[in-house]
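# Coordinates in review
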Amino acid sequence: MGSTIVSGFRHTLITGDKTYHQITEDLCRPAEKVPGLAWIGAFIVAVSVMSFGLFAIGWTIYYGIGTWNLNRTINWGWDITNFVWWIGIGHAGTLISAILLIFRQWWRTGVNRAAEAMTIFAVMCAGLFPMIHMGRIWNAFFIFPYVNTRGPVWPNFNSPLLWDVFAISTYFTVSILFWYTGLVPDFATLRDRSKGLRKYLYNIASFGWTGSAKHWQRWESLALILAGLATPLVLSVHTIVSFDFATSVIPGWHTTIFPPYFVAGAVFSGFAMVLTLMLIARKILHLEDYITINHIESMNKVILLTGTIVGVAYLTELFISWYSGYVYEQFAFFNRATGPYWWSYFGMMFCNVVSPQFFWSKKLRTNITFTFFLSILINIGMWFERFVIIATTLARDYLPSSWSLYSPTWVEIGIYIGTFGLFFTFFLIFTRVAPVVAIAEVKHIYRYAANQFRERNNIGHGRACENDVPDHDSDDFNADHSDDHHGGESHQQLKAEEASVARKAPVTDTEVRDNLKKIEGIGPKVEQALNAAGILTFRQLSVAEPGYLQKILDEAEGNFAGNIPDYWPEQALLAVEGKWIELKAWQDKYKHGRK
Amino acid sequence: MNKFTIKGKEKTVFMIMMGIGLLSVVLTFMTDSLPGKARFWSNFLHEALFFTGIAAMALFYMSTALVGYGGYMSVFKRVLEAMSLQLKLGIAFFLIIVIGLFMKWHHLYLWADENFVANDKVLTGKSGFLNPVMYTIFTILALGSWYFLASRIRRASVQEDEHGKFGDYTFTKKMQTYGALSLVTIGYFSAVGIWQWLMSLDPHWYSTLFAWYTASSWFVAMLSLLTLIILYLKGQGYMPYFTKEHMHDIGKFIFGISVFWSYLWFSQYMLIWYGNVGEETVYFKVRVDHYPVLFYGNLIMNFVLPFLLLLPNTTKRMRGTMVFIAVLLLIGHWIDIFLMVKPGVLHTVQELSGAHEAVGEHGHEASSFVSGFTLPGFLEIGTFIGFLGLFLYTTFIDLTKACLLPVNDAYIEESIHHHVV
Amino acid sequence: MSKKVIFGLYSTEEALFSAIKKAKGRHLEIDDVFTPFPVHGLDPLLGLKESRLHIAGFIYGLTGFLTAFLGMSWVSTIDWPNIFGGKPYWSVPAFVPIMFESTVLFAAVGMTVTFYVISGMGPGVKNPVLHPRITDDKFCISFSADEVGEGVAESFLQETGAEEIGSKTI
């Protein structure tokens, strides 16, 4: 058990005085009960929309890319816009899981599972677009480098489009591994609660998970390393997507800030989508105790941060285009703001740069309706951004004679809408078969973040500057506190923790409670009095001062004149150490608990 | 021991360092035969940028923790506070540069030469931004706002020691607000500042990523200096609560930001290499051809070595290894900034002295060795030691002004019992 | 090969820890410990060695890196040399993205597969589950009946306050 000292300045992340079992119940319920009308309705709509999308895709493949409005000048339109948009949305899952894990932001546990699922579905939607755009989709496997009979013909390793293939397939694979490995223990929980066919299926899904200590150790190690790998990976994916543009010499595309700026934009839009989805899921699946207003506020802060980064990047681009003294570059930006697609530029600026600034206000940050509204606005804004970069730039290239305009056909719009259907279909299925909130991970942070531990975890030591030194010598800086490490509490910490518990009363937690009556001299009445004062365990009793105990007795109702607490801590220490035989011997030796 | 006092011996060492610095600066000035004392002034600008950047990034790092509930930092945040206060040195350094700009003491910036700008179409176009007045305005805005916020955070933090109470988070909230403001001002002004101070040394060249790249270089340098200061204090028996756990965390940051720096380096280099637009490639062309040792050394010191050394978990918990890496990276990023400053200044010298006709655009002759530019010489190293001594001296003075342990910090107990999971 | 295990369920981490400490004190060999979530501080107490998964990961990653680097180098200089965009055949900066992706892919897939194989897990594998509440809220210690003896194990579990005691042949 780790050190559970948590500053009172931190927010509670699990509300409602849950026990471990209640957490299991609450989080398994959506996957176990019969779906409600809202779910069924949503599912029907999602599947219908998806079907329309599939129809539009079929239409494209049958009649060819000519059914789209792409032309000689604007050869990337809605397809690549949507591709980049979906890929961007697919960044939040890994960000929440991996980067926030590394930065120890505990609030991630409320939303990471759903965000990871979202990532996978979003990447699926994204991957569709370049595949269809190839035209001859049945030859799509040509993009992989394999020994072939087409002469020694290899894909072009210098092409950013091929880098994309590697980046996205790697990202998809690693996201699935990461997500599924996290799901395995939770599938085991579902397995052990179910019967019949469900048990059979969950047994397959849970890979034979038992919860053995060694397995947990390896599982944690794996999760941490996958997080370590996923962090640069998630950066690389949108970086490489940005290379698709930035390696060219097209004004407005060839700019070095693109890699980090695309990544920030991706995180920004991904968080917006997570918010949109989780605000709904939270309501429908009754997860308010696990996705609290504090989670929402934290996510809104990330939105504000990434929105500002994106803002800095927009302004940098804009400024440097002027600064460069390069007329084509200057024109590209002039055209974005005042050309035929000016509305998309202003839409982008407003939704992405201006609107997140509302989140400086704590009131708006914690307003769920406003957050929902803004998250949708940002999703739209980020779509505009990609449209600005792609279509607006292409529409006005070096040769005015080939300038052109572009608007999508129903087929292109249909495919885009269809991907929403695909996304929501998968997401809705996911909410029925797997816990939307990671059960084991929520239990893991339970002691730190549940509301009933709030008081107890926040300890004040009354430190003073002078002569405040730890128990152990500072010289053993390089020695390995194997005992101290991995959260085995140092004695001093234990003392501080317990003392603070003793100081504060009453603690509502009913889980940790020893039978104090085993101490000679403590009866049911005394136990009650001690419990009321916050002393629940042998450990707490063992570090209490006898004088303090006496004070508790004096202040408690009832006559405790015969109860002398002088030797209770001594006995309790034996109990803590599990020396029951010694305790018995002690009690036999000193009758009535007195020396 | 949490109350820091400077020993006489330490003062002596700093004085000696500053003496070495002063001697180097004077010697540089006297021996500098380049027009406009270019070696002397570029050394000064180099050090000014390096140490101002370190102070600014200390504020940035501290602010990320204040805003992001980074509790582990409390046991060493006083060191960061003291480092961020050295923005006052930055203000002094840049005051000299700014005055020099108006008084024509130096010719670091090609755009400051009216005659040249008048005959150069590109620079004429940029003159709305690249001129002494704008330079002054943005320098004041950037350094002024940062120093203001750094001192506000420091004030709230010190006040909390005295007036803070358990369970009272007024000061914490105050610091959080200042922290958020710091992030924004650093986010915006560091970009403008870096364009003015550094990117405009190569006035024709531009790269949108440049500001972030430079900032990440500063960040690693700051973390390295932070590590060295903390481990020194630790060695003197101060900061008893700073443990291997905290060092491990700083080690992870050094690793992560080093990789991030490499990522930005690659992004900038690769895109310019790939696009192959003459106006952009010239920047790297000069550096690869004429500064190969520094160019490749930069990558080895700042990416390959820290990556391999910090990859295993154990090395981040070893004091010796961490000291080695911190020294390596401090020098590595000093060289990185050197490589950003010197070629541009040399080019300015050649342009202004009309030498580029003689040296030739193709630059075969330009590859000849120029003391203090092609490689850092003894005088550059001496100047560095002097500035480092000054920075450490003023930092240590600020360290004495408050308890090393922020006793009433909201996260102090968390931080003391911090364990890397 | 089947063996009989005696197990007891505890409902708090504290109870689990004190029982393990006590078993250690009495030199009772614990067969295994099962928990509903990763409990920190358990590994050193049980004397579990640090997982070496990351070393395997490093080797997989290196393999991926070399595969991509050598493969692309061979293709673009020997097997199918082509000039793209005026760049040399062997243009390393352009190889970096794929080298990176391949490193990550090999490391992640290799490590995950290794994890499941060494832990004896996989789709449809049926490992014995001692009690359905272990994946819910109970902490479990199990003893091997042959090693410790049924009576000793049971009385130990009882004494340390196990809520439920059972046995299972696995």
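Note: the structure precedes this text.
Residues numbered from 1 in each chain as written. Chains lettered and ligands numbered in written order. Predicted model: local features only at pLDDT ≥ 70, side-chain atom pairs only at ≥ 80, totals over all residues. Heavy atoms only, no water.

Attention shifts here to empty space enclosed by the protein. All names here are of chain B. Taken as a whole, this structure holds 13 cavities of 30 Å³ or more when the rule is applied. There is about 120 Å³ of room inside the largest cavity. Forming the boundary of the largest cavity are 14 residues, of which A65, L66, K77, D409 and Y411 lie nearest the centre. Of all elements in the fold, only α2 (38–67) and α8 (170–197) reach the threshold of two or more residues within the lining of the largest cavity. Looking at the lining of the largest cavity, its residues break down into seven nonpolar, five polar and two charged. (1 Å grid on protein atoms, 1.4 Å probe; cavity = no way out; pocket = protein on both sides within 12 Å on 5 of 7 lines; lining within 4 Å. Points joined across faces, edges and corners; volume = space filled by probe spheres on them. Helix = DSSP H or I, 4+ residues; strand = E, 2+ residues; numbered from the N terminus. Nonpolar A, V, L, I, M, F, W, Y, C, P; charged D, E, K, R; others polar.)

A few words on the interface of chain C and chain B. Quite often, the size of an interface is put as the accessible area lost when its parts meet. Counting residues at the interface gives eight residues for chain C and eight residues for chain B. When chain C packs against chain B, close to 650 Å² is buried across both sides, 83% of that on carbon and sulfur atoms. For the pair chain C and chain B, the interface holds zero salt bridges. At four residues, the largest contribution of residues to the side of chain C that touches chain B is made by helix α4 (residues 92–118) of chain C. Class assignment for the residues of the side of chain C that touches chain B results in five nonpolar, two polar and one charged. (Contact = heavy atoms within 4.5 Å. Buried area = accessible area lost by both parts, 1.4 Å probe. Salt bridge = Lys/Arg side-chain N within 4 Å of Asp/Glu carboxyl O.)

Turning our attention to a positive patch on the surface. A cluster of basic side chains, namely K195 and K199 of chain A together with K126 and K168 of chain C, defines a positive patch on the protein surface. Along the polypeptide, K199 of chain A turns up in helix α7 (residues 196–205). (Patch = residues over 30% accessible without salt bridge, like charges linked within 9 Å, V, L, I, M, F, W, Y side chains within 5 Å. Areas by Shrake-Rupley, 256 points an atom, 1.4 Å probe, with all protein chains shown as cover. Lys, Arg positive; Asp, Glu negative; His and termini not counted. Charge placed at Lys NZ, Arg CZ, Asp CG, Glu CD.)

W86 and F271 of chain A together with Y61, F76 and Y109 of chain B are the most contacted members of the largest nonpolar core, which totals 338 residues. When residues of this core are assigned to their parent elements, the largest contribution, 19 residues, is made by α2 of chain B. Each of domain 1 (4–36 + 134–169) and domain 2 (53–119) of chain C gives at least three residues to this core. Leaving out residues up to four positions away in the same chain, W86 of chain A has contacts with A122, C125, A126, F129, M273, Y416, T419, F420 and F423 of chain A. By size, the runner-up hydrophobic cluster in this structure holds 22 residues, among which are I535, I552, A572 and L574 of chain A. (Core = buried A, V, L, I, M, F, W, Y, C linked by side-chain atoms within 4.5 Å. Buried < 20%, exposed > 50% of the residue type's maximum accessible area, 1.4 Å probe, protein only. Domains from an automatic or database assignment.)

Moving on, we come to a nonpolar patch on the surface. Residues and elements named next belong to chain B. Nonpolar side chains collect at one region of the surface, where L95, I96, I99, F102, M103, W105, V133, I137 and L141 lie side by side and expose about 820 Å² of accessible area between them. Looking at the nonpolar patch, the elements that each hand over two or more residues are α4 (87–103) and α7 (132–163). Broken down by element, the residue count for the nonpolar patch peaks at five residues, all from α4. The class for I137 is partly exposed, based on a relative accessible area of 39%.

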